[in-house]
Amino acid sequence: MNTESLVSRRAALCGIAVALAVPSGLVTACSSTGTSTGSSPTSAGGSEPTSGAAGSAGTALVALADVPEGGGAVVDAPGGRKIVVARISATEVKAYDASCPHQGSVVAEPAGGTITCPSHGSQFGASDGSVKKGPATSGLRAVAVKVDGDQVVLT
């Protein structure tokens, strides 16, 4: 199966379900809930900080001690989303939506200043989320965070 197909498996199955006149309850289960997986070029790019998409401001994401300097962690955010937190220095952290803009896979923890997508090898700079190596053509979407005491929190 070609993973780069323009028609997703979900869309194809929904189309078949509609064609076969399946009861509306099942067709509704196939509809979009409004959450993007990064397949739209406009929803995945850029570096505008966001906090509403990831959860409530002031919400603790991870203890600073659990984010190694020069590395990072992939953590759960409110609403079930994943955020990758990179520790740039002893007191500076950066965070990004952990969905790779190429096809929506969850990226790996940062290592050596680089965040890598395990699915297709895209690499992003931990300090700014920019693309270092494709196939992704846009960077990771920034999430506004700060260090508050011994915690990394959404701002």
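It should be emphasised that the depicted structure is a prediction, and the values quoted were computed from it without experimental measurement.

Visitor: Quick one: what's the story with the overall build of the protein, residue by residue and with numbers?
Guide: The helix and strand tally for the protein stands at three helices and ten strands. Each helix (α) and strand (β) of the protein, taken in turn from the N terminus, gives the series α-α-α-β-β-β-β-β-β-β-β-β-β. Within the protein, the proportion of its 155 residues that are buried is 32%. A fraction of 47% describes how many contacts in the protein between residues 6 or more apart in sequence connect residues 24 or more apart.

Visitor: Any chance you could break down the pattern of salt bridges for me, citing the residues and the numbers?
Guide: All chains considered together, the criterion is met by three salt bridges. With a closest N to O distance of 1.8 Å, Arg-81 and Asp-97 form a salt bridge. Of this pair, Arg-81 sits in the loop between strand S2 (72-76) and strand S3 (82-87) while Asp-97 sits in strand S4 (residues 93-97), and the two are 16 residues apart along the sequence. For Arg-81, a relative accessible area of 23% translates into the label partly exposed. Put simply, Arg-141 and Asp-97 hold a salt bridge, and the shortest N to O gap is 2.6 Å. Residue Arg-141 is found in the loop between strand S7 (131-133) and strand S8 (142-143), and its partner Asp-97 is found in strand S4; the two are separated by 44 residues along the sequence. Under the relative-accessibility criterion, Arg-141 is labelled partly exposed at 23%.

Visitor: Talk me through the environment of Thr-116; I want residue IDs and the actual numbers.
Guide: Structurally, the position occupied by Thr-116 is in strand S5 (residues 114-116). In this structure, the C-alpha to C-alpha distance between Thr-116 and Val-131, residues 15 residues apart in sequence, is 10.0 Å. When sequence neighbours within four positions are dropped, the list of residues in contact with Thr-116 reads Val-107, Ala-108, Gly-121, Ser-122 and Gln-123.

Visitor: Summarise the pairing of S2; cite the residues concerned and give the values.
Guide: Strand direction decides the pairing type here: S2 and S3, joined by five bridges, are antiparallel. Within the sheet, the bridge partner assigned to Asp-76 lies in S3 and is Lys-82. What sits between S2 and S3 in their antiparallel hairpin is a turn of five residues, with Gly-79 showing a positive phi close to 90°.

Visitor: Kindly report on the nonpolar core, identifying the contributing residues and their values.
Guide: Of all hydrophobic cores here, the largest spans 15 residues; its most connected members are Leu-61, Val-62, Val-75, Ile-83, Val-85, Val-145 and Val-152. Where this core is concerned, the elements lending two or more residues are strand S1 (60-63), S2, S3, S4 and strand S10 (151-154). The contacts of Val-75, once residues within four sequence positions are left out, are Leu-61, Val-62, Arg-81, Lys-82, Ile-83 and Val-85. Grouped together as the second largest cluster of nonpolar side chains are 13 residues, Tyr-96, Val-107, Ile-115 and Ala-126 included.

Visitor: Hey, could you go over the sheet that holds strand S9 (residues 145-148) for me, with residue numbers and the actual values?
Guide: Within the open sheet, the three strands sit side by side as S1-S10-S9. Their pairing is antiparallel. The two strands at the open ends of the sheet, each matched to only one other strand, are S1 and S9. The average angle at which neighbouring strand axes cross in this sheet is 30°, direction not considered. Bridge count between S1 and S10: three bridges; the pairing is antiparallel. The residue of S10 that forms the bridge with Val-62 is Val-152.

What counts, and where the lines are drawn
- Residues numbered from 1 in each chain as written.
- Predicted model: local features only at pLDDT ≥ 70, side-chain atom pairs only at ≥ 80, totals over all residues.
- Heavy atoms only, no water.
- Helix = DSSP H or I, 4+ residues; strand = E, 2+ residues; numbered from the N terminus.
- Buried < 20%, exposed > 50% of the residue type's maximum accessible area, 1.4 Å probe, protein only.
- Contact = heavy atoms within 4.5 Å.
- Salt bridge = Lys/Arg side-chain N within 4 Å of Asp/Glu carboxyl O.
- Pairing = 2+ DSSP bridges.
- Core = buried A, V, L, I, M, F, W, Y, C linked by side-chain atoms within 4.5 Å.
- Axes fitted to C-alpha atoms, helices over the stretch in contact; angles between N-to-C directions.

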